[in-house]
Amino acid sequence: MMGDVADHSEWVNHRRATGFIFAGIVFALKFGLGLGGFICGSIVDSFGFVANAVQTDSAITGIRISASIIPAIFFFVGVMALFFYPISKKKNEDIQAELNIRRNNNA
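Everything numeric in this text was worked out from a predicted model, so none of it was measured. (Residues numbered from 1 in each chain as written. Predicted model: local features only at pLDDT ≥ 70, side-chain atom pairs only at ≥ 80, totals over all residues. Heavy atoms only, no water.)

Q: Which parts of the structure should I look at to understand the overall build of the protein?
A: Looking only at helices and strands, the protein has five helices and zero strands in total. Starting at the N terminus and walking to the C terminus, you meet the elements of the protein as α-α-α-α-α. Expected size for 107 residues packed as a compact globule is a radius of gyration near 13 Å; at 21 Å, the protein overshoots this value by more than 25%. The dimensions of the protein, computed from C-alpha atoms along their principal axes, are 70 × 25 × 15 Å. Counting every position in the protein, which comprises 107 residues, the buried fraction comes to 15%. Considering only intrachain contacts with a sequence separation of at least 6, the fraction spanning at least 24 residues in the protein is 45%. Here the protein contributes 9 positively and 8 negatively charged side chains, and the mean placements of these two sets differ by 6 Å. (Helix = DSSP H or I, 4+ residues; strand = E, 2+ residues; numbered from the N terminus. Rg over C-alpha atoms; globule rule 2.2 N^0.38 Å. Buried < 20%, exposed > 50% of the residue type's maximum accessible area, 1.4 Å probe, protein only. Contact = heavy atoms within 4.5 Å. Lys, Arg positive; Asp, Glu negative; His and termini not counted. Charge placed at Lys NZ, Arg CZ, Asp CG, Glu CD.)

Next up, the structure:
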């Protein structure tokens, strides 16, 4: 999908910026991973998790929730967001064909 986004950007803006696109996406992924780790840590902390100790029933519940239900909710939200993703297989093929024509005309 990252390559498709870079091609879509070139198609719209008539300028190839693959490095910027990939860097932005990777930055967003790393930021999201950091934020997700913080949120997960906050959730288990709110249930009374204590590192290197025998966990209480409440802490075990928090661990289970943060490793199952909460990620499932975010996964479902992500799947719903894909329904609004504007680049379909057909559109991607059209973009590729037009970009090939542009590149051949500029060569």
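Still more ground to cover, so stick around.
Q: Help me understand a nonpolar patch on the surface, please; the structure alone is not making it clear to me.
A: Side chains of Ile69, Ile73, Phe76, Val77, Met80, Phe83 and Phe84 sit close together on the surface and give an oily, nonpolar patch of about 790 Å² of accessible area. For Phe83, a relative accessible area of 63% puts it in the exposed group. (Patch = residues over 30% accessible without salt bridge, like charges linked within 9 Å, V, L, I, M, F, W, Y side chains within 5 Å. Areas by Shrake-Rupley, 256 points an atom, 1.4 Å probe, with all protein chains shown as cover. Salt bridge = Lys/Arg side-chain N within 4 Å of Asp/Glu carboxyl O.)

Q: When you look at the side chain of Ser66 in this model, what are you seeing that I'm missing?
A: By secondary structure assignment, the location of Ser66 is in helix 3 (residues 57–67). A distance of 3.1 Å separates a polar side-chain atom of Ser66 from the backbone oxygen of Ile63. Those residues in contact with Ser66, other than ones at most four positions away along the chain, are Cys40, Ile43, Val44 and Pro71. (Polar contact = N/O pair within 3.5 Å; in protein donor to acceptor, adjacent residues only side chain to side chain.)

Q: Can you walk me through the packing of aromatic side chains in this structure?
A: Aromatic rings in a pair are described by how distant their centres are and how their planes are angled relative to each other. What the rule picks out here adds up to one aromatic pair. Between Phe27 and Phe31 the ring centres are 6.3 Å apart and the planes differ by 25 degrees, which places this aromatic pair in the stacked class. Of this pair, Phe27 and Phe31 both sit in helix 2 (residues 18–46), four residues apart, which is roughly one turn of that helix. A single burial state applies to Phe27 and to Phe31, both of which are exposed. (Phe/Tyr/Trp six-rings, centres within 6.5 Å; stacked < 30°, edge-to-face > 60°.)

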